[in-house]
Structure formats: structure tokens, C-alpha cells
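Descriptive analysis of the structure
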Amino acid sequence: MKRTLAVLLTVAALTAPLAGCSSSSKNVTGTVVSKDTDHECKTKKKGSKRTRSCHTEYELKVRTKSGDMEEVDVSYSAYSNCVEGSRYPKCTTR
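All values reported here derive from a predicted model rather than from experimental measurement. (Residues numbered from 1 in each chain as written. Predicted model: local features only at pLDDT ≥ 70, side-chain atom pairs only at ≥ 80, totals over all residues. Heavy atoms only, no water.)

This brings us to the confidence of the model for the protein chain. Low pLDDT means the predicted atomic positions in that stretch should not be read closely. On average, the protein chain scores 82 in pLDDT, and the residues at 70 or more come to 71%. In the model, residues 17-25 has pLDDT below 50 throughout and makes 10 contacts with residues more than four positions away in sequence or in other chains. (pLDDT = per-residue confidence, 0-100. Contact = heavy atoms within 4.5 Å.)

Right under this line is the structure:
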């Protein structure tokens, strides 16, 4: 149990910076219109054992200057720093 928890924490620590970088690949700038989280769980069966892994995805909906709506996946820290009405991506670097 401790080993599984350690592995999950390590994976989360290594992938958290990548979640923040995914938004920069889109080069989206604009105003945050809404925020959303998706909590997903998966159950895997290996032999007679079942393991369940869960994660939360953090998303911001941004209205660009041209009026288009873009959904951007961000890290937890960027999600908590950006409130509705703030400028994205400037709000992610508080």
C-alpha cells in the first residue's frame, strides 16, 4: 500500500508541471470565462487484484480577443490563481 501511494505521488509530481505546459502549446490569450474540474477514476484488473486510480483535471474556459471560446487544461496552481474575469495566461504566474 505504501509503495503504491509513493508511486502515485511520484507520478503526480512529475506530471503536474506538464499539465501547466499544455496550455502554452495552444498559445491562447484572453479572459477567463469559467472554470471546471473533472474527477476521473479507472479500475484496472490484473489477475485477481483490482486497483483503482483517480485524478482531477483542471480546465479554464477562455474567451479570446476574436470572441472564440477555448478550453485550456492547466495545473492546480494555475486553476486556483485564475478567477473568472482575469487575463489568461497572466493570471497563472501570480
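The next thing to look at is the sheet that holds strand β3 (residues 69-74). Sheets are built from strands that pair by backbone hydrogen bonding, the pairs being arranged parallel or antiparallel. What the four strands build is an open sheet, ordered β3-β2-β1-β4; its pairing is antiparallel. Two strands close off the open sheet at either side, each with one partner strand: β3 and β4 (87-88). Pairing between strand β1 (residues 30-46) and β4: two bridges, direction antiparallel. Across the sheet, the residue bridging to Thr31 is Arg87, located in β4. (Pairing = 2+ DSSP bridges. Helix = DSSP H or I, 4+ residues; strand = E, 2+ residues; numbered from the N terminus.)

Attention now goes to the state of the cysteines. For the coordinates displayed, the defined rule picks out two disulfides. Here Cys41 connects covalently by a disulfide to Cys54, the sulfurs 2.1 Å from one another. Across the S-S bond of Cys41 and Cys54 the torsion is about 110°, and the bridge reads as right-handed. Remark: Cys54 occurs in strand β2 (residues 49-64) and Cys41 occurs in strand β1; sequence separation between them is 13 residues. Disulfide partner of Cys82: Cys91, at an S-S distance of 2.0 Å. Sign of the S-S torsion, about 90° for the bond between Cys82 and Cys91, identifies this disulfide as right-handed. Just as Cys82 is buried, Cys91 falls in that class too. Numbered in order of appearance, the disulfide-bonded cysteines of the protein chain are paired 1-2, 3-4. (Disulfide = S-S within 2.5 Å. Buried < 20%, exposed > 50% of the residue type's maximum accessible area, 1.4 Å probe, protein only.)

Structurally, the position occupied by Ser75 is in the loop between β3 and α2 (76-81). The buried category is assigned to Ser75, whose relative accessible area is 14%. Here the side chain of Ser75 touches Ser77 through a polar contact of 3.2 Å, side chain to side chain. (Polar contact = N/O pair within 3.5 Å; in protein donor to acceptor, adjacent residues only side chain to side chain.)

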